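Listed here are the chains, written in short residue letters.
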Amino acid sequence: MMKERKKKIIKLCLLFIGLLGLVGCGSPSSDNEKQTDEEVETVTELVYESSMELKYAENFTVDYYEGGYTMLTTAMDGGKFLIVPENGKIPKNLDEGTAVLQRPIDDIYLVSSSVMDMFSRLERLDTIAFSGQKEDGWYIEDAKEAMARGDIVYAGKYNKPDYELILSKGCSLAIENMMISHSPEVIEKLEGLDIPVMIECSSYESHPLGRVEWVKFFGALLGEEERAEKIFEEQEAILERVTADEKTDKTVAFFYITSNGLFQVRQPSDYIPKMIEFAGGRYIFSDLERTESKRSTMNMQAEEFYKGARDADYIIYNSSIDGGVASVEELIDKCASLADFKAVKEGNVWCTTNDMYQQSLSIGYMTEDIHSMLMGGDEEDMHYLFHLE
């Protein structure tokens, strides 16, 4: 935006100088020439053409306009982002608060870790200059290598950005997740520096493929719609193959134990319970009372978890937050009452790999893993689950 403003001032100055010359000459063609210059300078209105067809995602829209203009809208905060083609003009009468991004879009500050997988699969890591995660925090090899080369640099966590760094390097866009809602002052500061803030909320999609479909959102941002569609179709095909198989009546608990001893479980509306259902199982907390909060998780006391999950056929520990556990003994060390669980006694304790959360485009594979677990499949063929001994 700052660059656009400077360009606009220079152009207006040149136009003014030109007009002074025209006043003196009094040529009959002067008015026509003046009108042509002004018409080139701006696009008066956006002319709607079409909208992107979405199958599962409910928290974004993509609309296309004549001349190669694209409008991205995020549902949770109502954010609007107009993508202007290279050398294109900024339209008049945009809705208040609409951020303007002109292609080529690069020097992005990527804070939302689940989005890195999408940029990697779209083969557009070249557009990212800053990371909200340090090199050793990434499980995506392309990202680690880019940071090792210095192509992407660490620019601070979501709540403590290195403003001086990202401003000095010409950051054009910050991509955050819903965690940024806890630090509204950061949004205000970034936008005050003419850096638009895009808040992605893929984790709030209720359907597993809704989360995957966000690759289309970022594909539209980068002009990679065709590649994004192929990535989505690949995961959709895997999920369809798994859900076509026979269902079971086996129950599954998916959880994480916080540092203060609370059990964090998924809301029934979250995509993880849906994946368990598609895989042929039944989420043990499917009857959990729904809350008004849009959060995908909720915490419960150990006694409540024990009551609800003690008889689950399988338990899966979510290691993507604390690094996980290597054995059943380590898990019981976190909470001794787990030793009484049916799944522990029968040897049906599983753990996710640490990279599960960052691998946002592997929903199909994760569902396939859960299905294989329920059907007694070979652990060697799994991507994101492993058995705890």
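Quick caveat: nothing in here was measured; it's all calculated off a predicted structure.

J.: Before we move on, could you go through the sheet that holds strand β8 (residues 153–154) and cite the residues and values that matter?
T.: With parallel pairing, 5 strands are arranged side by side in an open sheet as β8-β7-β6-β9-β10. Only two strands of the sheet have a single partner each, and these edge strands are β8 and β10 (197–199). The sheet contact formed by strand β7 (residues 128–131) and β8 spans 2 bridges and is parallel. Bridging from a neighbouring strand, Phe 130 pairs with Val 153 of β8. In the packing of helix α3 (residues 113–121) onto the sheet, contacts are made with β6 (108–110), β7 and β9 (173–176), and the angle to β6 comes to roughly 130°.

J.: How would you sum up a negative patch on the surface? Please name residues and give values.
T.: On the surface, a cluster of negative charge is made up of Asp 378, Glu 379, Glu 380, Asp 381 and Glu 389. Among the secondary structure elements, Glu 379 is positioned in the loop between α14 (363–374) and β17 (385–387). Its relative accessible area of 32% is what places Glu 379 among the partly exposed residues.

J.: Describe the packing of aromatic side chains, with residues and values.
T.: Following the criterion strictly, the structure yields 17 aromatic pairs and no others. Judged by centre distance (4.3 Å) and plane angle (20°), the rings of Phe 263 and Phe 305 are stacked. With Phe 263 in strand β12 (residues 263–266) and Phe 305 in helix α11 (residues 302–309), this pair connects stretches of sequence that are 42 residues apart. Just as Phe 263 is buried, Phe 305 falls in that class too. When the centroid spacing of 5.8 Å and the interplanar angle of 20° are considered together, the rings of Phe 305 and Phe 341 count as stacked. Of this pair, Phe 305 sits in helix α11 while Phe 341 sits in the loop between α12 (328–334) and α13 (342–345), and the two are 36 residues apart along the sequence. By the burial criterion, Phe 305 is buried, and Phe 341 matches it.

J.: Tell me about the side chain of Asp 270, and name the residues and values.
T.: Within the fold, Asp 270 resides in the loop between β12 and α10 (271–278). Here the side chain of Asp 270 touches Arg 266 through a polar contact of 3.2 Å, side chain to side chain. Once residues within four sequence positions are removed from consideration, Asp 270 is found in contact with Ser 203, Ser 206 and Ser 296.

J.: Explain the packing of α3 against helix α8 (residues 214–222) to me, and be specific about the residues and the numbers.
T.: Axis separation between α3 and α8 bottoms out at 10 Å; the angle between their running directions is 60°. On the basis of the axis angle, α3 is oblique to α8. For α3 against α8, the interelement crossing comes out right-handed. Taking contact as the criterion, the partners of Val 115, Met 118 and Phe 119 in α3 are, on α8, Trp 214, Val 215, Phe 218, Leu 221 and Leu 222. Residue composition of the contact of α3 with α8, by class: 8 nonpolar, no polar and no charged.

J.: Can you explain the side chain of Gln 358? Please cite residues and give values.
T.: You can see Gln 358 is positioned in the loop between β16 (349–352) and α14. Residue class for Gln 358 comes out buried when judged on its relative accessible area of 6%. Polar side-chain contacts of Gln 358 include one of 2.8 Å to the backbone nitrogen of Tyr 139. Excluding its chain neighbours within four sequence positions, the residues that come into contact with Gln 358 are Ser 113, Ser 114, Asp 117, Gln 133, Gly 137, Trp 138, Tyr 139 and Ile 140.

J.: Can you tell me about the environment of Val 215, naming the residues and giving the values?
T.: Looking at the secondary structure, you find Val 215 in helix α8. Looking at Val 215, the relative accessible area reads 0%, which means it is buried. Val 215 sits 14 residues away from Glu 229 along the chain, and the two C-alpha atoms are 8.0 Å apart. Excluding its chain neighbours within four sequence positions, the residues that come into contact with Val 215 are Met 118, Leu 122, Ala 228, Ile 231, Phe 232 and Leu 361.

J.: Outline the nonpolar core, listing residues and values.
T.: Grouped together as the largest cluster of nonpolar side chains are 91 residues, with contacts concentrated most on Phe 119, Phe 218, Leu 221, Phe 305, Ile 315 and Met 373. The element best represented in this core is α8, accounting for 7 residues. Setting aside its immediate chain neighbours within four residues, Met 373 contacts Val 252, Tyr 314, Ile 316, Trp 350, Met 382 and Leu 385. Counting 17 residues, the second-largest nonpolar core is a separate cluster that includes Val 111, Phe 130, Ile 180 and Leu 193.

J.: Summarise the sheet that holds strand β3 (residues 69–74); cite the residues concerned and give the values.
T.: On the basis of which strands lie adjacent, the open sheet formed by 5 strands has the order β1-β2-β3-β4-β5 and mixed pairing. Sheet topology places β1 (48–51) and β5 (99–102) at the edges, where each strand pairs with a single neighbour. Taking the axes of each pair of neighbouring strands and ignoring which way they run, one obtains an average angle of 25° across the sheet. Relative to strand β4 (residues 80–84), β3 is paired through 4 bridges, and the arrangement is antiparallel. Note on β4: the bridge partner recorded for Thr 70 is Ile 83. Running at roughly 140° to β3, α8 makes contact with β2 (60–65), β3, β4 and β5 of the sheet.

Rules of the game
Residues numbered from 1 in each chain as written. Predicted model: local features only at pLDDT ≥ 70, side-chain atom pairs only at ≥ 80, totals over all residues. Heavy atoms only, no water. Pairing = 2+ DSSP bridges. Helix = DSSP H or I, 4+ residues; strand = E, 2+ residues; numbered from the N terminus. Contact = heavy atoms within 4.5 Å. Axes fitted to C-alpha atoms, helices over the stretch in contact; angles between N-to-C directions. Patch = residues over 30% accessible without salt bridge, like charges linked within 9 Å, V, L, I, M, F, W, Y side chains within 5 Å. Areas by Shrake-Rupley, 256 points an atom, 1.4 Å probe, with all protein chains shown as cover. Salt bridge = Lys/Arg side-chain N within 4 Å of Asp/Glu carboxyl O. Lys, Arg positive; Asp, Glu negative; His and termini not counted. Charge placed at Lys NZ, Arg CZ, Asp CG, Glu CD. Buried < 20%, exposed > 50% of the residue type's maximum accessible area, 1.4 Å probe, protein only. Phe/Tyr/Trp six-rings, centres within 6.5 Å; stacked < 30°, edge-to-face > 60°. Polar contact = N/O pair within 3.5 Å; in protein donor to acceptor, adjacent residues only side chain to side chain. Parallel < 35°, antiparallel > 145°, perpendicular 65-115°, else oblique. Left-handed = near helix turned anticlockwise from the far one by under 90°. Nonpolar A, V, L, I, M, F, W, Y, C, P; charged D, E, K, R; others polar. Core = buried A, V, L, I, M, F, W, Y, C linked by side-chain atoms within 4.5 Å.

So yeah, pure geometry; function would need other evidence.
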